[in-house]
Amino acid sequence: MSCNKIIDSVVKAGYCIGCGACTYQCKNKNLTTKINSDGFYEVYSLNSCNNDCDCHSINVCPFNPTPEDIVKNENSIAKIFLTTSQKDHKKIGHYNNIYAGYSRKYRATSSSGGIATYALAYLLKNKLVKYIITVQESNLPGNYFEYKISNSIEEITATSKTRYSPVTLEDVLKIINSLDGNVAIVGVGCFIKSIRLLQHYNPELKEKISFLVGIICGGIKSKFFTEYLANKINILPEDIHNPEYRIKDPESSANDYSFGCFDKDNRRRTIKMKTVGDMWGTGLFKANACDFCDDVTTELADISVGDAWLKPYSDDGYGCNVIVTRSIIADEIIKYGINNSELEIHNISEDIFISSQRGSYNHRQDALHYRIQKNKKNAPPLPKRIITTRISILEKLIQNIRMSTRKKSLIIWKKNKNSKIFDKKMHSILLLLRIATKINHLKRRLFK
């Protein structure tokens, strides 16, 4: 199967997320990733691939429209890799336990509760892995962050922050087999899925990659997202340095955080995200592929970690995590932390966990069937697990506005990278979306 297929069936269809898994799979080294005109990593073909090429690069794509049945979706892949999980829930996936809480040691230096950092530190300290692959500040031109390899607790502690900027696994995958030890990788749902697919089709990676930390994701943002926020505080794209997206306010609530970065004179400027407006429910600067992902909880990771967007946890300005353990090792890490008073944590129910991610479930699962049907003219439908097949007329309207908002935000920012002009041109459609969403929320409360 020619690697041209991934260009025709995934990239041209708007499904490419730039994870870079296919660049590893293509033994002819014909594929690479680079930032496209919309500010996302995207796969490109370096040469005209021979149609007799048998690299099957599309097999490891998380948005492959024609996967083999054995890896058809997250449920199928989980049966291969998460064999020690004891429970299965249609919205949460395979798992052992669900928790909420934080790390006493790492919370202050993390974007939320510090559980991901705690798990990685445990793996290194107990020599369960030798290297950690995480997203860190980039030294390369063209983007602000990249995947890098660390082998010390100090390194991962210094870089334990949420990064709302596109990255690719391409460069670390090139050298992963040359490392003299096994690794743990941190990633969002689609990246974790691509790694599992790589492991399935490349046995050498099953032992090399021994632990996956999944970050519960609200959608991958374009590079434009960072540029827009920086422009809000009068910093030009070429002068952005060390952007930080989740600066906490311990005296306030968890969702009252700030964006900040350093300018060309090395002065730090910040802005409260509440003053910017809703950047997540609106779909602003979001990747198209994210509208066709139904994995809310990074179901294929050993441990899934996200923000506890639910009272009383969200009242804590220092941040709290929700945690889903899916392997024996993951559960041992959490239980060790509890028994040694390193973690302030307790079990929560499935319903409480789902409530903490309710907005994501509503959008990415309940309304997915409608988006797939609407997109049929533009791209082949993806083999997704459909949770709900019918939504109201109002909810369809909201979906249509969100899709338009996503596209329009990218077009406008490309033409003129000025936040004031952007806000003015986006005002009408965002107002319409806000009104429709409020009416829908009111309707849900009344019927509930």
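In the block above lies the structure referred to throughout.
Right, let's walk through the structure included here.

What about the overall build of the chain?
Now for step 1: The helix and strand inventory of the chain stands at 16 helices and 15 strands.
Now for step 2: Projected onto its principal axes, the C-alpha positions of the chain cover 60 × 55 × 55 Å.
Now for step 3: Expressed as a percentage of its 448 residues, the buried residues of the chain come to 59%.
Now for step 4: Of the contacts made within the chain by residues no fewer than 6 positions apart, 71% connect residues no fewer than 24 positions apart.
Now for step 5: Within the structure as shown, the chain displays about 19,600 Å² of accessible surface, and the carbon and sulfur contribution to it stands at 51%.
Now for step 6: Of note, the chain has its 65 positive side-chain charges centred 7 Å away from the centre of its 45 negative side-chain charges.

Looking at the sheet that holds strand S15 (residues 343-347)
Now for step 1: Strand order in this open sheet of 8 strands is S7-S6-S8-S9-S13-S14-S5-S15, and the pairing throughout is mixed. Across the chains shown, the open sheet's two edge strands, defined by having one partner strand only, are strand S7 (145-150) and S15. Between one strand and the next, the sheet's axes are offset by a mean angle of 30°, whatever the strand orientation.
Now for step 2: As defined by bridge partners, strand S6 (residues 131-137) adjoins strand S8 (residues 183-188) across 3 bridges and the pair is classed as parallel. Looking at the pairing, Ile133 lines up with Ile185 of S8.

With respect to the sheet that holds strand S12 (residues 268-272)
Now for step 1: Read across the open sheet, the 3 strands follow the order S10-S11-S12; overall the sheet is antiparallel. For this open sheet the edge positions go to strand S10 (241-247) and S12, each flanked by a neighbour on one side alone. Across the sheet, the mean angle separating the axes of adjacent strands is 15° when strand polarity is ignored.
Now for step 2: Where S10 lies against strand S11 (residues 258-262), 3 bridges are found, and the strand directions are antiparallel. Pairing of Glu244 across the sheet is with Gly260, part of S11.
Now for step 3: With respect to the sheet, helix H9 (residues 223-232) is in contact with S10, S11 and S12, its orientation differing from that of S11 by roughly 85°.

Some thoughts on the packing of aromatic side chains
Aromatic rings considered in pairs are described by the distance between their centres and by the relative angle of their planes.
Now for step 1: A full pass over the atoms with the stated rule returns 17 aromatic pairs.
Now for step 2: Summarising the aromatic geometry, the rings of Phe285 and Trp413 are spaced 6.4 Å apart at their centres and angled 90° between planes, so their arrangement reads as edge-to-face. Of the two residues, Phe285 is situated in the loop between helix H10 (273-276) and strand S13 (303-307) and Trp413 in helix H15 (residues 393-415); the sequence distance between them amounts to 128 residues. Neither Phe285 nor Trp413 differs from the other in exposure class; each is buried.
Now for step 3: An aromatic cluster is defined as three or more aromatic residues linked by ring pairs; in this entry it consists of Phe145, Tyr164, Phe225, Tyr228, Tyr245, Phe259, Trp280, Phe285, Trp413 and Phe422.

Some points on unusual backbone geometry
Now for step 1: Going from Lys311 to Pro312, the amide bond is cis rather than trans, its omega being 5°.
Now for step 2: Among the structural elements, Pro312 can be located in the loop between S13 and strand S14 (321-325).

Here we look at the pattern of salt bridges
Oppositely charged side chains can form a pair if their charged atoms are brought close together.
Now for step 1: Applying the stated criterion across every chain yields a total of 28 salt bridges.
Now for step 2: Arg269 serves as the salt-bridge partner of Asp263, at 3.1 Å between the closest nitrogen and oxygen.
Now for step 3: Look at Asp263 and you get buried, because its relative accessible area is 6%.
Now for step 4: Between Asp291 and Arg371 there is a salt bridge whose closest N-O contact spans 3.8 Å. With Asp291 in the loop between H10 and S13 and Arg371 in helix H14 (residues 368-374), this residue pair connects regions lying 80 residues apart in the sequence.
Now for step 5: Under the relative-accessibility criterion, Asp291 is labelled buried at 4%.
Now for step 6: Exposure remark for Arg371: the relative accessible area of 0% places this residue in the buried category.
Now for step 7: When salt bridges that share partners are traced, they join Glu74, Lys193, Asp294, Glu299 and Arg385 into one network.

Description of the side chain of Ser222
Now for step 1: Position of Ser222 among the secondary structure elements: in the loop between strand S9 (209-215) and H9.
Now for step 2: Owing to a relative accessible area of 0%, Ser222 belongs among the buried residues under this scheme.

A look at the packing of H9 against H15
Now for step 1: Running from amino to carboxyl end, H9 crosses H15 at an angle of 60°, the nearest separation of the two axes being 11 Å. Between H9 and H15, the interaxial angle falls into the category oblique. The handedness of the crossing between H9 and H15 comes out as left-handed. Residues Phe224, Glu227, Tyr228 and Asn231 of H9 form the contact with H15, whose participating residues are Leu410, Trp413 and Lys414.
Now for step 2: Looking at side-chain class alone, the contact of H9 with H15 contains 4 nonpolar, 1 polar and 2 charged residues.

Things to note about helix H11 (residues 328-339)
An α-helical turn contains 3.6 residues, so any two residues separated by three or four positions project in the same direction.
Now for step 1: The end-to-end C-alpha distance of H11 is 16 Å, a good match for the 16 Å that 12 residues give at a rise of 1.5 Å each.
Now for step 2: When H11 is considered as a whole, its buried residues turn out to be Ala330, Asp331, Ile333, Ile334 and Gly337. Taken around the axis of H11, the buried residues stretch over an arc of 155°, which confines them to a single face.
Now for step 3: Contacts from the buried residues of H11 go to strand S5 (97-103), helix H4 (115-125), S9, S13, S14 and S15.
Now for step 4: Phi for Ser341, located one or two positions after H11, is positive at around 60°.

Some remarks on a nonpolar patch on the surface
Now for step 1: Taken together, the side chains of Leu431, Ile435 and Ile439 present a nonpolar region at the surface, about 240 Å² in accessible area.
Now for step 2: Residue classification places Leu431 among the partly exposed positions, given a relative accessible area of 33%.

Re the nonpolar core
Now for step 1: Ile17, Ile185, Phe191 and Phe285 are the most contacted members of the largest nonpolar core, which totals 93 residues.
Now for step 2: Once residues within four sequence positions are removed from consideration, Phe285 is found in contact with Phe40, Ile220, Lys221, Ser222, Phe224, Phe225, Tyr228, Met279, Ser409, Leu410, Trp413 and Phe422.
Now for step 3: Judged by nonpolar contacts, the second largest core, of 26 residues, contains Ala121, Val129, Val213 and Val305.

Criteria and thresholds
- Residues numbered from 1 in each chain as written.
- Predicted model: local features only at pLDDT ≥ 70, side-chain atom pairs only at ≥ 80, totals over all residues.
- Heavy atoms only, no water.
- Helix = DSSP H or I, 4+ residues; strand = E, 2+ residues; numbered from the N terminus.
- Buried < 20%, exposed > 50% of the residue type's maximum accessible area, 1.4 Å probe, protein only.
- Contact = heavy atoms within 4.5 Å.
- Areas by Shrake-Rupley, 256 points an atom, 1.4 Å probe, with all protein chains shown as cover.
- Lys, Arg positive; Asp, Glu negative; His and termini not counted.
- Charge placed at Lys NZ, Arg CZ, Asp CG, Glu CD.
- Pairing = 2+ DSSP bridges.
- Axes fitted to C-alpha atoms, helices over the stretch in contact; angles between N-to-C directions.
- Phe/Tyr/Trp six-rings, centres within 6.5 Å; stacked < 30°, edge-to-face > 60°.
- Salt bridge = Lys/Arg side-chain N within 4 Å of Asp/Glu carboxyl O.
- Parallel < 35°, antiparallel > 145°, perpendicular 65-115°, else oblique.
- Left-handed = near helix turned anticlockwise from the far one by under 90°.
- Nonpolar A, V, L, I, M, F, W, Y, C, P; charged D, E, K, R; others polar.
- Expected span 1.5 Å × (residues − 1).
- Arc of directions from axis to C-beta.
- Patch = residues over 30% accessible without salt bridge, like charges linked within 9 Å, V, L, I, M, F, W, Y side chains within 5 Å.
- Core = buried A, V, L, I, M, F, W, Y, C linked by side-chain atoms within 4.5 Å.

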